[in-house]
Amino acid sequence: MKRVMIVTNSLSGGGAERSMNLLSNELTKRGWSVSLVPINSGTPDQVVPECDVIPLERKWNGSIKNTIAALWKFNKVISSWQPDVIVLNCDLPELFGATLFGRHNLVALEHTSKPWGQRKLLGKIVRRVLKLRKTTWAAVSTHLTIWPTSEKPFAVLQNSVLLPNENKTRFTESEIKRLIFIGRLSREKRPELALEIAKITNLELVIIGDGFMKEDLEKKARDESIKATFLGWIEDPWSEIQPGDLLIVTSSFEGDGLIVIEGLAHKMPMLLADISDLRRFDFPEKHYCETLDDFVSRTTEFGNKLGQLSIGKDVASAILRSRLIGKVGDEWIKFLETVL
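Summary of the structure given here. Because the structure is predicted, anything quoted here is derived from the model rather than measured.

1. A closer look at the environment of N89
Alright, step 1. You can see N89 is positioned in strand β4 (residues 85–89).
Alright, step 2. Here N89 falls in the buried class, since its relative accessible area comes to 2%.
Alright, step 3. Placed 81 residues apart in sequence, N89 and T8 show a C-alpha to C-alpha distance of 5.3 Å.
Alright, step 4. Look past the residues within four positions of N89 in its chain and what remains in contact with it is I6, V7, T8, M20, L109 and H111.
Alright, step 5. Among the polar contacts made by the side chain of N89, one reaches the main-chain carbonyl oxygen of V7 at a distance of 3.2 Å.
Alright, step 6. A distance of 2.9 Å separates a polar atom in the side chain of N89 from a polar atom in the side chain of H111.

2. Re the sheet that holds strand β12 (residues 270–273)
Alright, step 1. Spatially, β10-β9-β8-β11-β12-β13 is the arrangement adopted by the 6 strands of the open sheet, whose pairing is parallel. Looking along the sheet, the strands with just one partner apiece sit at the ends: β10 (228–232) and β13 (288–289).
Alright, step 2. The pairing of β12 with β13 spans 2 bridges and is parallel. For A273, the partnering residue across the bridge sits in β13 and is C289.

3. Here's the deal with the packing of aromatic side chains
Alright, step 1. Applying the stated criterion to the full structure yields 6 aromatic pairs.
Alright, step 2. Among the aromatic residues, those joined into a ring-pair cluster are F154, W332 and F335.
Alright, step 3. Positioned above the aromatic ring of W147, the side-chain terminus of K120 is 4.9 Å from the ring centre.
Alright, step 4. Seen from the ring of F281, R280 lies directly overhead, with NZ or CZ sitting 4.5 Å from the centre.

4. Remarks on the nonpolar core
The tendency in soluble globular proteins is for nonpolar side chains to be buried side by side.
Alright, step 1. Counting residues in each nonpolar core, the largest one holds 53 residues, and the members touching the most others are L179, L205, I248 and F283.
Alright, step 2. Excluding its chain neighbours within four sequence positions, the residues that come into contact with F283 are V260, L264, M270, L272, Y288, I311, V315 and I319.

5. Things to note about the packing of helix α1 (residues 15–29) against helix α11 (residues 325–339)
Alright, step 1. Contact geometry for α1 and α11: axes closest at 10 Å, N-to-C directions at 75°. In terms of orientation, α1 and α11 fall into the roughly perpendicular class. Residue-level contacts link M20, L22, L23, E26 and L27 of α1 to I325, G326, G329, W332, I333 and L336 of α11.
Alright, step 2. Partitioning the contact of α1 with α11 into residue classes produces 8 nonpolar, 2 polar and 1 charged.

6. A word on the sheet that holds strand β5 (residues 106–110)
Alright, step 1. Spatial strand order, β3-β2-β1-β4-β5-β6-β7: 7 strands in an open sheet with parallel pairing. This sheet does not close on itself; its edge strands, each paired only once, are β3 (52–53) and β7 (155–156).
Alright, step 2. Pairing analysis gives 4 bridges linking β4 to β5, with the strands arranged parallel. In the sheet register, N89 faces β5, and the bridge partner there is L109.

7. Structural notes on helix α10 (residues 313–321)
Every α-helix carries 3.6 residues per turn, so stepping three or four residues along brings you back to the same face.
Alright, step 1. Taken residue by residue, α10 has A316, I319 and L320 as its buried positions. The arc that holds the buried residues of α10, viewed along the axis, is 95°, so those residues lie on one side. Exposed and oriented more than 90 degrees from the buried face of α10 are D314 and R321.
Alright, step 2. The inward-facing, buried residues of α10 contact α7 (258–265).

Quick notes on the rules
Residues numbered from 1 in each chain as written. Predicted model: local features only at pLDDT ≥ 70, side-chain atom pairs only at ≥ 80, totals over all residues. Heavy atoms only, no water. Helix = DSSP H or I, 4+ residues; strand = E, 2+ residues; numbered from the N terminus. Buried < 20%, exposed > 50% of the residue type's maximum accessible area, 1.4 Å probe, protein only. Contact = heavy atoms within 4.5 Å. Polar contact = N/O pair within 3.5 Å; in protein donor to acceptor, adjacent residues only side chain to side chain. Pairing = 2+ DSSP bridges. Phe/Tyr/Trp six-rings, centres within 6.5 Å; stacked < 30°, edge-to-face > 60°. Lys NZ or Arg CZ within 6 Å of the ring centre and 35° of its normal. Core = buried A, V, L, I, M, F, W, Y, C linked by side-chain atoms within 4.5 Å. Axes fitted to C-alpha atoms, helices over the stretch in contact; angles between N-to-C directions. Parallel < 35°, antiparallel > 145°, perpendicular 65-115°, else oblique. Nonpolar A, V, L, I, M, F, W, Y, C, P; charged D, E, K, R; others polar. Arc of directions from axis to C-beta.

Pasting the structure below:
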């Protein structure tokens, strides 16, 4: 039996992590030998892995010593478990994969249009090493190429999403009562723009997510008397949604846009930043906002017509069908059989 090791940042925290938890369970269910290696310590996810879980227990933003200890442990795990293929997800797993001892069959996934954030030089070095190690590159969306060379990926392997247990239509108020921001509190997600929208429209803003910008955002909300509630990271953010809520996605760039896809699954009305990463969904023009003024004017325009900001059933169904875990599992097995 072939052995697949999936390396992620942590067990929970974002769409990439959850999609890998779903994938590990699907492959396990189909009889594959799978292990999941979360590098950073953290809380469990709503999707509980059914395979071997081997945590490295690195502290998020920990010391160099802590990272070296995790790297050493990672090499011991590889030596003990002996995977036939190692799947690397996002920047930190790429770094760990690049520094492995010995020769290994590596697969790396491009999850975003702008990887490695503020560490571009380190990212270029890591990816150069991965190229020398003959890493196979795949992407989670057809619009992504492999940075920094803009090469086409060997395969496109879409992320699956956790769909609601009950396929029922939410009761939707006609009036916008609250704005909802879900995501990491980091620069590329532009949560400060969400605060500005709430300030000008005088609507309550609920921010679900955590990150290094949290304290500054909370201070801004206090200083400028913005009605904002910070709930932090929540295992199931959609459990906080109420009738009259409008999802706003303010990112400057995205990868797969999993919050949008999960929003479709939960039948959420939404407004999106007008960026190429989100334009690929090809929603009606009314859903896209290029500037702060656009978000404000659209929120005002549909203030008493919230239902009109829901995505049409046919469009939503077509997108969600491609994210069913069974279909995603089929694509992954076809891919793995090619690289093994």
